[in-house]
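Breakdown of the fold
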Amino acid sequence: MPDISIFDLLFHIDTFLNDVIIRYGVLVYILIFIILFCETGLFMPLPGDSLIFAGGAFAAAGMLDIWSFALICLAAGILGDSVNYYLGHSVGKKLYWQAKGRFLKRENIDRAKAFYERHGGKAIIFSRFIPLVRQCTPFVAGIGRMTFGRFMSYNLVGVAAWVGISSLLGYFFGNIPAVKDNFSVVILAIIAVSLLPAVIAFLKSKLKGAPKPE
């Protein structure tokens with residue numbers, strides 16, 4: 001297995017996936033599942049959006065089967081969120097007060113909680129497209145004792161939209177020469193666009209709390 005670093009996963013996901021596909025063939029699906037499951041279920045800051053986009057591009061090039069890839073991504077997102085929800089439901093409050101680690105941070109949970117309170121159940125769908133917030137929203141839903149059935153009804157829509165949109169964008173645009181030759185730049189743009197709603201919300205909260213000039 002090639003060496004894995006967060007930097008390569010974030011900015012060179014195309015090169016990384018290409019190497020894994022060439023060396024290990026269909027075993028790449030297992031790796032994709034593990035990465036997405038860890039991102040959604042275990043609070044790890046991994047590149048879900050860019051991974052699905054890159055996978056869609058590889059599927060368009062014939063290196064992955066688009067349906068197998070999509071099903072793997074759906075399964076990883078749904079199972080990861082379910083684990084995340086049950087962590088919140090069973091030991092959420094205890095974990096919250098101990099959330100000072102590298103991956104699970106209290107400020108990220110607070111941000112997800114504010115987003116959840118503002119948008120209700122729809123936050124589970126919307127947060128799918130916002131890194132860091134999407135990792136914490138199922139956890140917050142579990143702490144808030146939302147029923148699992150209601151949580152899952154929103155979660156299925158959110159995961160399906162996330163996987164569908166990200167993979168189709170990669171499938172139809174990932175192999176355009178300008179995109180393919182500047183893949184790292186495109187990945188940075190995807191990360192920036194994904195983080196934009198969280199940045200705007202953060203700035204709004206700071207401005208709202210700032211003292212007004214006399």
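Here, every reference points to the structure presented above.
Residues numbered from 1 in each chain as written. Predicted model: local features only at pLDDT ≥ 70, side-chain atom pairs only at ≥ 80, totals over all residues. Heavy atoms only, no water.

This next bit is on the pattern of salt bridges. According to the stated counting rule, one finds three salt bridges in the structure shown. Close ionic contact of R134 with E39 constitutes a salt bridge, the shortest N to O distance being 2.7 Å. Remark: E39 occurs in helix 3 (residues 28–41) and R134 occurs in helix 8 (residues 133–143); sequence separation between them is 95 residues. On the accessibility criterion, R134 (2% relative accessible area) is buried. With relative accessibility at 1%, the residue E39 sits in the buried group. Among the salt bridges present, the one from R128 reaches D81, with a minimum N-O distance of 2.5 Å. (Salt bridge = Lys/Arg side-chain N within 4 Å of Asp/Glu carboxyl O. Helix = DSSP H or I, 4+ residues; strand = E, 2+ residues; numbered from the N terminus. Buried < 20%, exposed > 50% of the residue type's maximum accessible area, 1.4 Å probe, protein only.)

Now for empty space enclosed by the protein. All chains considered together, the criterion is met by one cavity of 30 Å³ or more. Taken as a whole, the largest cavity holds about 40 Å³ of empty space. As for the largest cavity, its lining consists of D81, I124, S127, R128, R134, T137, P138 and N155. The biggest single contributor to the lining of the largest cavity is helix 8, with three residues. Grouping the amino acids of the lining of the largest cavity by side-chain chemistry returns two nonpolar, three polar and three charged. (1 Å grid on protein atoms, 1.4 Å probe; cavity = no way out; pocket = protein on both sides within 12 Å on 5 of 7 lines; lining within 4 Å. Points joined across faces, edges and corners; volume = space filled by probe spheres on them. Nonpolar A, V, L, I, M, F, W, Y, C, P; charged D, E, K, R; others polar.)

Turning our eyes to something else, we now look at the nonpolar core. Of all hydrophobic cores here, the largest spans 32 residues; its most connected members are I13, L17, V28, I32, L36 and L64. When contributions to this core are tallied by element, the ones reaching two or more residues are helix 2 (13–24), helix 3, helix 4 (48–60), helix 5 (66–97), helix 9 (148–173) and helix 11 (183–209). Excluding anything up to four places from it in sequence, I32 contacts L17, L51, L64, F69, I72 and C73. (Core = buried A, V, L, I, M, F, W, Y, C linked by side-chain atoms within 4.5 Å. Contact = heavy atoms within 4.5 Å.)

Where helix 2 contacts helix 3, the axes come no closer than 9 Å and their chain directions differ by 140°. Taken as axis vectors, helix 2 and helix 3 run oblique relative to one another. Here helix 2 contributes F16, L17, V20 and I21 to the contact with helix 3, which in turn contributes V28, L31 and I32. (Axes fitted to C-alpha atoms, helices over the stretch in contact; angles between N-to-C directions. Parallel < 35°, antiparallel > 145°, perpendicular 65-115°, else oblique.)

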